[in-house]
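Architecture and fold: a report
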Amino acid sequence: MTTMTHDATRSAGGPAGGSRLASGLVLAVVSATAFGASGALARGLLDTGWTPGSSVLVRVGLAALVVLPFGLASLRGRWSLLRRNAALVVTYGVLAVAGAQFCYFSAVQHMQVGPALLIEYTAPAAVVVWLWLRHGQRPGPVTLVGAALAAAGLVLVLDLLSGADLSVAGVLWSLGAMVGAASYFVISADEGNGLPPLTLAAGGLVVGAAVLGLLGLVGVLPMAGSTRPVTYGGTTVDWWLPLLLLGLVTAAVAYTTGIAAGRRLGSRLASFVALLEVLAGVGFAWLLLDELPRPVQLAGGLLILAGVVAVKLGERGVVRVEPTPA
């Protein structure tokens, strides 16, 4: 989010540009749809006795095995580049991979998939605040309007006005996932480190799996599983099938197609299409879990999406605030 290089170049016209745009859009839709299925698939496992820690560990571990060869190939023997960015890769793995996914899976254990995902997707507004406080990038009027819309939508998603029962644990876990997602946006958009995107993704997945595994070994993170069949939408499947889908489809396929889409579309257009993950998440929760947010929550979700779009549109109007000399 901090760097939008090559966005205009990648959307250039002409036959080659049109083909690149079309393939990029297809890849971005595949990525958003794949990511959106994770919450519903995980909820089915959690209901049979799996813990968020164990389900996330399997998901991240399988994805790491698939993406790692591509990440190493993209590095092309430039090991010094990886060593120079070791701290960045570790931060990415801890916050953007392990932290975001564990918090999200923990959230859907306490609340519906749709509201949890909508809370997580207030991350772009959080990034605006971070860039303002940390780097002096003052948001413009459109961005501020977008942040206000997202905040108003969050109130409706939480259904605070009607006095409905609210899972405090679910909200806190969703906000934790939001912090992880915001870290993902900030780190992924930094093109100044020189790391190939696939190398960053592979490194983050490996670090995330290692951290989750270590926390499980020392007993900090509860790890439990079950071989009981899992039921989705009235259909019962073997326990290993949703695990396989979580690792290969909602992580490995989602990350690789998302990165490929970003390289073709540029970060701005790719981030717009990524909003389809929210719609996909709500759709999969409806089909697989028979969960559908209440009308007021759906209205809040639309406000959040409108706010995120406004935040994205306002990025070009960011004003750099230089420190005032003492």
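Placed above this text is the structure.
Predicted, not measured: the structure shown is a model, and the values here were computed from it. (Residues numbered from 1 in each chain as written. Predicted model: local features only at pLDDT ≥ 70, side-chain atom pairs only at ≥ 80, totals over all residues. Heavy atoms only, no water.)

Quick look at unusual backbone geometry
What counts here: In DSSP terms, a helix is any run of H or I states spanning at least four residues, a strand is any run of E spanning at least two, and both are numbered starting from the N terminus. To sort residues, take the accessible area from a 1.4 Å probe on protein chains only and compare it with the maximum for the residue type: under 20% means buried, over 50% means exposed, and anything in between is partly exposed.
Even without being a glycine, Arg76 presents a positive backbone phi close to 55°. Among the secondary structure elements, Arg76 is positioned in the loop between helix H4 (52–75) and helix H5 (79–84). Given the relative accessible area of 72%, Arg76 is considered exposed. Non-glycine residue Asp290 carries a positive phi angle of around 60°. By the secondary structure assignment, Asp290 is in the loop between helix H14 (276–289) and helix H15 (295–313).

Notes on the environment of Met223
Quick note on the threshold: When checking whether two residues touch, look at their non-hydrogen atoms; a contact exists if any pair is within 4.5 Å.
Among the structural elements, Met223 can be located in the loop between helix H11 (197–217) and strand E2 (230–232). With a relative accessible area of 33%, Met223 lands in the partly exposed category. A sequence separation of 170 residues divides Met223 from Gly53, and the C-alpha atoms of the two residues are 5.8 Å apart. In this structure Met223 touches Thr51, Gly53, Ser54, Leu57, Leu212 and Gly216, once residues within four positions along its chain are discounted.

Here we look at the nonpolar core
Put simply, the rule is: Buried Ala, Val, Leu, Ile, Met, Phe, Trp, Tyr and Cys residues that are joined via side-chain atoms within 4.5 Å together make up what is termed a nonpolar core.
Core analysis: the biggest nonpolar cluster contains 63 residues, and Leu45, Val60, Tyr92, Tyr104, Leu205 and Tyr255 have the highest contact counts within it. Per-element tally for this core: the top contributor is helix H6 (residues 86–108), with eleven residues. Contact partners of Tyr92, with chain neighbours within four places excluded, come to Val97, Tyr184, Ile187, Ser188, Leu200, Ala201, Gly204 and Tyr255. Counting seven residues, the second largest nonpolar core, distinct from the first, contains Val127, Met178, Ala181 and Phe185.

Remarks on the packing of H6 against H11
Keep this limit in mind: Every axis corresponds to a line fitted to the C-alpha atoms, with the helix fit spanning only the stretch in contact, and the corresponding angles, defined between N-to-C directions, vary from 0 to 180 degrees. For classification, angles of less than 35 degrees are called roughly parallel, those exceeding 145 degrees roughly antiparallel, those between 65 and 115 degrees roughly perpendicular, and all remaining angles oblique. Note on residue classes: Ala, Val, Leu, Ile, Met, Phe, Trp, Tyr, Cys and Pro are nonpolar, Asp, Glu, Lys and Arg are charged, and everything else, Gly too, is polar.
Running from amino to carboxyl end, H6 crosses H11 at an angle of 70°, the nearest separation of the two axes being 7 Å. Considered as vectors, H6 and H11 are oriented roughly perpendicular to each other. Contact with H6, carried on its side by Val89, Val90, Tyr92, Gly93, Val94, Val97 and Ala98, involves Leu200, Ala201, Gly203, Gly204, Leu205, Val207, Gly208, Val211 and Leu212 of H11 and no other residues of that element. Taken together, the residues of the contact of H6 with H11 break down into twelve nonpolar, four polar and no charged.

A look at the pattern of salt bridges
This is how the line gets drawn: What counts as a salt bridge is simple: a side-chain nitrogen of Lys or Arg found within 4 Å of a carboxyl oxygen of Asp or Glu.
For the structure shown, the criterion picks out two salt bridges. Among the ionic pairs, Asp47 bridges to Arg43, the shortest N-O distance being 3.4 Å. Asp47 gets classed as exposed once you look at its relative accessible area, which sits at 52%. The class of Arg43 is buried, set by a relative accessible area of 18%. Residue Glu291 is joined to Arg43 by a salt bridge in which the shortest nitrogen-to-oxygen separation is 3.1 Å. Linking Glu291 in the loop between H14 and H15 with Arg43 in helix H3 (residues 38–46), this pair joins segments that are 248 residues apart in sequence. For Glu291, a relative accessible area of 10% gives the class buried. A single salt-bridge network, built from bridges that share partners, covers Arg43, Asp47 and Glu291.

Some remarks on the environment of Asp290
Residue class for Asp290 comes out exposed when judged on its relative accessible area of 65%. In the structure, Asp290 is positioned 58 residues away from Tyr232 in sequence and 8.7 Å away in space, judged by C-alpha atoms.

As for the packing of aromatic side chains
For any pair of aromatic rings, the description rests on two quantities: the centre-to-centre distance and the angle between the ring planes. Let me state the cut-off plainly: Pairing of aromatic rings covers Phe, Tyr and the six-membered ring of Trp, with a centre-to-centre limit of 6.5 Å; geometry is then stacked below 30 degrees between planes, edge-to-face above 60, and tilted otherwise.
Tallied over the entire structure, the rule returns four aromatic pairs. For the ring pair Trp50 and Trp239, a centre distance of 6.5 Å and an interplane angle of 25° mean the geometry is stacked. Placement of the pair is Trp50 in the loop between H3 and H4 and Trp239 in the loop between strand E3 (235–237) and helix H12 (240–265), with a sequence separation of 189 residues. Between Phe102 and Trp173 the ring centres are 5.4 Å apart and the planes differ by 90°, which places this aromatic pair in the edge-to-face class. Of this pair, Phe102 sits in helix H6 while Trp173 sits in helix H10 (residues 168–188), and the two are 71 residues apart along the sequence. We classify Phe102 as buried; its relative accessible area is 16%.

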